[in-house]
Structure formats: C-alpha cells, structure tokens
Amino acid sequence: GENVEQHPSTLSVQEGDSAVIKCTYSDSASNYFPWYKQELGKRPQLIIDIRSNVGEKKDQRIAVTLNKTAKHFSLHITETQPEDSAVYFCAASFGSNYQLIWGAGTKLIIKP
Amino acid sequence: SQTIHQWPATLVQPVGSPLSLECTVEGTSNPNLYWYRQAAGRGLQLLFYSVGIGQISSEVPQNLSASRPQDRQFILSSKKLLLSDSGFYLCACSVDPSPLHFGNGTRLTVT
C-alpha cells in the first residue's frame, strides 16, 4: 500500500544552523504534501504545505522542496531557534485529507 | 477559519469502563471530521473519518466506535476500555481542499 518514509527520526543541530528533514512517498499519484509541527504535549499544527504543481515554497525561515521524479520532499529550516525544537511530521495525499499518509515523525533538537 | 472544541483535556479511566469523547466544530459547515490517536512518543494513527452526518469510515479495527449525530459534532466511544487504548486523541477537521487542522486533544490514561 501507500507509504511515507521520514528521515531522520531524530535530528540535533546547533542553534543558528540549518535543519533538513526528508520524506519519500510511494504513490506517484500523490499531489499534496503538508508538514506539521508538534510541540511537546500539544496538537500538531500545519507549518507549510505544497502541491505537486509547485517545486518549492517558502515562508520566512521555512521552505519545502518537492522532487516528483524521485518522489521525495524535504523541509528546510534555516537559522534555527530554540522554539523550533519539536516533532515534525510529513504527509502525502493523492486526494482528500482523509487519504493522508503520514511519516513517522522527526524529533528536532536545537542545541544552544 | 474553523475552531475545534475538544473535551476533556485529560481523562483517567479504569480498564473496562466506557468512554465518550466529544468534538464540535465552529466556523464552517459540512466539514470532514477525523479522530486520530497518538501513542506516547509515536506517530499519528487515523481511527475514523466522516464526510457527513451518519457517515463513518473506520480505518483500524478495534473496540472503539465513532458517531456523527450532527454536522459539526463528532463523538468517539468505547463500551469497555483496554489498557492499549491509552493515548492522545485528536479530533481534526478539514474542508477540502483546505488543510487539516487539529483540536487540542484529549490525553487518555487507562489504568
């Protein structure tokens, strides 16, 4: 069946450095790729999403890139700050939100 | 934009007791509604989703059930809780093609 693999499971970076989280998906029909951030004990919150007709999208320090040929998409966070520490989930869908396939999550640790 | 109300925030229940978690949505009509569960330190597992009143799709066979008695109300139930039912239960809402948004969740501990 459809699958989304997310790497790494844990990422530790120095404050101010960049962080990159990568997801690969199996269903070539997938056309929607959101990223969610979940702080400890809180709900996941959408931070950025991209559709398959776009190769890259940026929002301040956050960017997502999509490579449809290779079937992978990545989250890039620049100039990391302590408040970026959280678990990040990627997902992929070929249709509606109830068809979202989720990655297992990446715990991002920002070292001071 | 929609607001998702979910309660209670935390719940401690003994094994074998019933469960009822309620979720209501404001600010939109005819939303798609979802129940997710997240075990401690784990990922997001879709339990149920609903595209309309009385329409429920189950993603994982288990001792839980869901109902949607009104357009903006989604209820998660169990007749007898198991220890393995412990987790963080999240109600979510979407109006396609807009993104999925989560409620604040209920942390359930079954003892």
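Everything discussed here concerns the structure shown above.
Below: a short report on this structure. This one's a predicted model, so the numbers in the text were calculated from it and none came from an experiment.

A word on the pairing of strand S2 (residues 10-13) of chain B
Where a strand is regular, its side chains alternate between the two sheet faces.
Residue and element names in this part refer to chain B.
Then, in step 1: Burial along S2 is one-sided: Leu11 and Gln13 are buried, while Thr10 and Val12, pointing the other way, are not.
Then, in step 2: Sheet topology places S2 next to strand S11 (residues 106-110); four bridges connect them, and they run parallel. Within the sheet, the bridge partner assigned to Thr10 lies in S11 and is Arg107.

With respect to the pattern of salt bridges
Then, in step 1: All chains considered together, the criterion is met by six salt bridges over all chains.
Then, in step 2: With a closest N to O distance of 2.9 Å, Arg61 of chain A and Asp84 of chain A form a salt bridge. Of this pair, Arg61 of chain A sits in the loop between strand S6 (56-59) and strand S7 (62-67) while Asp84 of chain A sits in the loop between strand S8 (72-77) and strand S9 (86-92), placing them 23 residues apart in sequence.
Then, in step 3: Measuring nitrogen to oxygen at the nearest pair gives 3.2 Å for the salt bridge that ties Asp71 of chain B to Arg68 of chain B.
Then, in step 4: Given the relative accessible area of 3%, Arg68 of chain B is considered buried.
Then, in step 5: In the salt-bridge network here, residues are joined through shared partners; they are Lys37, Glu39 and Lys42 of chain A.

Description of the interface of chain B and chain A
Then, in step 1: Contact with chain B, which involves 22 residues of that partner, is made by 17 residues of chain A.
Then, in step 2: When the two sides are added together, the surface that chain B and chain A hide from each other amounts to roughly 1500 Å², 56% of it contributed by carbon and sulfur.
Then, in step 3: By the criterion of area lost to chain A, the three top residues of chain B are Leu44, Leu100 and Phe102 of chain B, representing 31% of everything that side buries.
Then, in step 4: Between chain B and chain A we count five residue pairs in polar contact (both at pLDDT 80 or more) in total.
Then, in step 5: The element that contributes the greatest number of residues to the side of chain B that touches chain A is strand S4 (residues 32-38) of chain B, accounting for four residues.

Overview of the sheet that holds strand S3 (residues 19-26) of chain B
All names here are of chain B.
Then, in step 1: Spatial strand order, S1-S3-S8-S7: four strands in an open sheet with antiparallel pairing. Edge positions in the open sheet fall to strand S1 (3-7) and strand S7 (64-70), since each of these has one partner strand only. Across the sheet, the axes of successive neighbouring strands diverge by a mean angle of 20°, strand direction being ignored.
Then, in step 2: With five bridges joining them, S1 and S3 adopt antiparallel strand pairing. Its bridge partner lying in S3, Ile4 is registered against Val25.

Regarding the sheet that holds S7 of chain A
All names here are of chain A.
Then, in step 1: Overall, antiparallel pairing links the five strands, which are arranged S1-S3-S8-S7-S6 in an open sheet. Two strands in the sheet have a free side with no partner beyond their single neighbour: strand S1 (4-7) and S6. Recorded for the sheet is a direction-independent mean angle of 15° between the axes of neighbouring strands.
Then, in step 2: Where S7 and S8 come together, six bridges link them in antiparallel fashion. Directly across from Asn67, in S8, lies its bridge partner His72.

Calculation criteria
Residues numbered from 1 in each chain as written. Chains lettered and ligands numbered in written order. Predicted model: local features only at pLDDT ≥ 70, side-chain atom pairs only at ≥ 80, totals over all residues. Heavy atoms only, no water. Buried < 20%, exposed > 50% of the residue type's maximum accessible area, 1.4 Å probe, protein only. Helix = DSSP H or I, 4+ residues; strand = E, 2+ residues; numbered from the N terminus. Pairing = 2+ DSSP bridges. Salt bridge = Lys/Arg side-chain N within 4 Å of Asp/Glu carboxyl O. Contact = heavy atoms within 4.5 Å. Buried area = accessible area lost by both parts, 1.4 Å probe. Polar contact = N/O pair within 3.5 Å; in protein donor to acceptor, adjacent residues only side chain to side chain. Axes fitted to C-alpha atoms, helices over the stretch in contact; angles between N-to-C directions.

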